[in-house]
Amino acid sequence: MKKTYDPPLTENSNAPLFRVDRAVRLAHERLASAIDMKRHHTSHSLAQEVIKEARDSLRKAEQQRELKLKELARAEAEF
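A short tour of the structure in this document, coming up.

## Notes on the pattern of salt bridges
Two side chains carrying opposite charge are able to pair once their charged atoms lie near each other. The final tally for this structure, using the stated rule, is six salt bridges. Between R25 and E11 there is a salt bridge, with its nearest N and O atoms 3.5 Å apart. Of the two residues, R25 sits in helix α1 (residues 18-40) while E11 sits in the segment before α1, which places them 14 residues apart along the sequence. Residue classification places E11 among the exposed residues on the basis of a relative accessible area of 63%. With its nearest N and O atoms 3.8 Å apart, the salt bridge here joins E71 to K68. In this pair, E71 and K68 both sit in helix α2 (residues 44-78), three residues apart, roughly one turn of the helix. Looking at E71, the relative accessible area reads 41%, which means it is partly exposed.

Below you can see the structure in the form of structure tokens.
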């Protein structure tokens, strides 16, 4: 089950959130492929390590998105 974001992830390459949203999307894909690798790979400890790293990168990408949203809100408030 994918997490829903508020505001939703943008597809517009000119949007200010595009880069961080793309990073979130890529982190989701990495995590999904790591989980799939665990199902089909014989080395479960290695797969578990990859899943842990993928979850960490997803968490960091989501934090970057939150920071960017705060930065945009602050810039809009100043304007």
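That shown, we press on.
## Focus: α1
An ideal rise of 1.5 Å per residue puts 33 Å on 23 residues; α1 measures up with 33 Å between its terminal C-alpha atoms. If you check which residues of α1 are buried, you get F18, V20, D21, V24, A27, H28, L31 and A34. Elements in contact with the buried residues of α1: α2.

## Focus on the nonpolar core
Among the nonpolar cores identified, the biggest contains nine residues, and these are Y5, V24, A27, L31, A34, I51, A54, L58 and A61. Among the secondary structure elements, those contributing two or more residues to this core are α1 and α2. For A54, the residues in contact, after removing those within four places along its chain, are R30, L31 and A34.

## Topic: the environment of T10
Its location among the elements puts T10 in the segment before α1. Classification of T10 by relative accessible area gives buried; the value is 17%. Sequence separation between T10 and K38 is 28 residues; the distance between their C-alpha atoms is 30 Å. Apart from residues lying up to four places away in sequence, T10 is in contact with A15, L17, F18, D21 and R25. A polar contact of 3.2 Å, which involves the side chain of T10, links it to the backbone nitrogen of N12.

The rules behind these values
Residues numbered from 1 in each chain as written. Predicted model: local features only at pLDDT ≥ 70, side-chain atom pairs only at ≥ 80, totals over all residues. Heavy atoms only, no water. Salt bridge = Lys/Arg side-chain N within 4 Å of Asp/Glu carboxyl O. Helix = DSSP H or I, 4+ residues; strand = E, 2+ residues; numbered from the N terminus. Buried < 20%, exposed > 50% of the residue type's maximum accessible area, 1.4 Å probe, protein only. Expected span 1.5 Å × (residues − 1). Contact = heavy atoms within 4.5 Å. Core = buried A, V, L, I, M, F, W, Y, C linked by side-chain atoms within 4.5 Å. Polar contact = N/O pair within 3.5 Å; in protein donor to acceptor, adjacent residues only side chain to side chain.

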